[in-house]
Amino acid sequence: MRLFFYLLGFGMAVVGGVTSIAYLNLVTERTDWKEYVLFVSTRIECYLLPIGLLVAWLSIYFPFHDDG
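What counts and what doesn't
Residues numbered from 1 in each chain as written. Predicted model: local features only at pLDDT ≥ 70, side-chain atom pairs only at ≥ 80, totals over all residues. Heavy atoms only, no water. Helix = DSSP H or I, 4+ residues; strand = E, 2+ residues; numbered from the N terminus. Polar contact = N/O pair within 3.5 Å; in protein donor to acceptor, adjacent residues only side chain to side chain. Contact = heavy atoms within 4.5 Å. Core = buried A, V, L, I, M, F, W, Y, C linked by side-chain atoms within 4.5 Å. Buried < 20%, exposed > 50% of the residue type's maximum accessible area, 1.4 Å probe, protein only.

**Structural notes on the side chain of serine 59**
In step 1: Its location among the elements puts serine 59 in helix α4 (residues 48-61).
In step 2: Side-chain polar atoms of serine 59 contact the backbone oxygen of alanine 56, separated by 2.8 Å.
In step 3: Not counting the four nearest positions on each side in its chain, serine 59 is found in contact with Arg2, Phe5 and Tyr6.

Written as structure tokens, this is what we have:
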């Protein structure tokens, strides 16, 4: 079960990270860093990066007791 949550968190972090990096193209075109952060904070897929990192971290460090 821990492996599933680790892989789920890792996948979410990868999707969120790639999306955040892809949106960096907006900085070179027409915006500055403040506008970039405001834009990224409105995109739901960019929230996958911190959520995925949290899920992966919890799957590694959260105590899991299996009765079987």
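Having put the structure on the table, let's press on.
**Remarks on the nonpolar core**
In step 1: Within the largest apolar cluster, six residues are counted, these being Tyr23, Leu26, Val27, Tyr36, Val40 and Cys46.
In step 2: Among the elements of the structure, α2 (25-29) and α3 (33-42) are those that each provide at least two residues to this core.
In step 3: With residues up to four places along the chain from it excluded, the contact list for leucine 26 reads Thr31 and Phe39.

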